[in-house]
Amino acid sequence: MTDISKGAAGEVIAARFLREKGYRIIASNYRSRFGEIDIIAADKKYIVFVEVKTRSESAAYAPRETVTAAKQSKIAKTALHYLQCNSHDLQPRFDVIEILTERNNPMKTVELDHIRNAFETEGMHFSI
């Protein structure tokens, strides 16, 4: 069996979770010169840009704490790039999926928290 990184395991778990909740996965690991978006998904109302953060259950801090203002800006710029290249009629939303896994088994979820509308782009100043 091939070892899988915590990050890759978290993205697989998050995509499965979103599908189970009725989301359609549009893209994974979308990259632009500004950064990367882990998952782009859609439901009937939103196109959702998802940042997945995975840590083992013994981590000293919550995974969501690593989604800093600088990281949010990179995600927003990358999302804008995606939207300029791909037409959608859906409202954009930025979510974070926080996953805690067993210490030695990154595919074994201990806790998953889907934080909808984790941050807003209002007030961000950037150009692409």
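Calculation notes
- Residues numbered from 1 in each chain as written.
- Predicted model: local features only at pLDDT ≥ 70, side-chain atom pairs only at ≥ 80, totals over all residues.
- Heavy atoms only, no water.
- Helix = DSSP H or I, 4+ residues; strand = E, 2+ residues; numbered from the N terminus.
- Buried < 20%, exposed > 50% of the residue type's maximum accessible area, 1.4 Å probe, protein only.
- Contact = heavy atoms within 4.5 Å.
- Areas by Shrake-Rupley, 256 points an atom, 1.4 Å probe, with all protein chains shown as cover.
- Polar contact = N/O pair within 3.5 Å; in protein donor to acceptor, adjacent residues only side chain to side chain.
- Phe/Tyr/Trp six-rings, centres within 6.5 Å; stacked < 30°, edge-to-face > 60°.
- Lys NZ or Arg CZ within 6 Å of the ring centre and 35° of its normal.
- Salt bridge = Lys/Arg side-chain N within 4 Å of Asp/Glu carboxyl O.

S.K.: Describe in detail the overall build of the protein chain, supporting the description with residues and values.
M.R.: When its secondary structure is counted, the protein chain shows 2 helices and 5 strands. Mapped in sequence order, the helices and strands of the protein chain form the string α-β-β-β-α-β-β. Within the span of the protein chain, comprising 128 residues, buried residues form 39% of the whole. Of the contacts made within the protein chain by residues no fewer than 6 positions apart, 59% connect residues no fewer than 24 positions apart. Within the structure as shown, the protein chain displays about 7,500 Å² of accessible surface, and the carbon and sulfur contribution to it stands at 44%.

S.K.: Tell me about the environment of L18, and please be specific about residues and values.
M.R.: Examined against the element boundaries, L18 turns out to sit in helix 1 (residues 6-20). For the pair L18 and D43, spaced 25 residues apart in sequence, the C-alpha separation works out to 9.6 Å. In this structure, L18 is in contact with Y23, I25, I39, A41, V50, I97 and H114, ignoring residues within four places of it in sequence.

S.K.: Tell me about the side chain of K53, residues and numbers included.
M.R.: As for its placement among the helices and strands, K53 is situated in strand 3 (residues 46-56). Polar contacts involving the side chain of K53 include one to the side chain of E51, which spans 3.3 Å.

S.K.: Could you give an account of the packing of aromatic side chains, naming the residues involved and the relevant values?
M.R.: For the structure shown, the criterion picks out 4 aromatic pairs. Seen from their ring centres, Y30 and Y82 are 5.0 Å apart, and the 90 degrees between their planes marks the pair as edge-to-face. Of this pair, Y30 sits in strand 1 (residues 24-32) while Y82 sits in helix 2 (residues 69-85), and the two are 52 residues apart along the sequence. In terms of burial, Y30 and Y82 fall into one category: buried. Of the aromatic side chains, those joined through ring pairs into one cluster are Y30, F49, Y82, F94 and F119. Over the ring of Y46 we find R93; its NZ or CZ atom is 4.8 Å from the centre of that ring.

S.K.: Give me the lowdown on the pattern of salt bridges, citing residues and values where you can.
M.R.: Applying the stated criterion across every chain yields a total of 4 salt bridges. With a closest N to O distance of 3.3 Å, E51 and K53 form a salt bridge. Just as E51 is buried, K53 falls in that class too. The closest approach of N and O atoms between D95 and R93, which form a salt bridge, is 2.8 Å. Neither D95 nor R93 differs from the other in exposure class; each is buried. Linked by salt bridges that have partners in common, E51, K53 and K71 make up one network.

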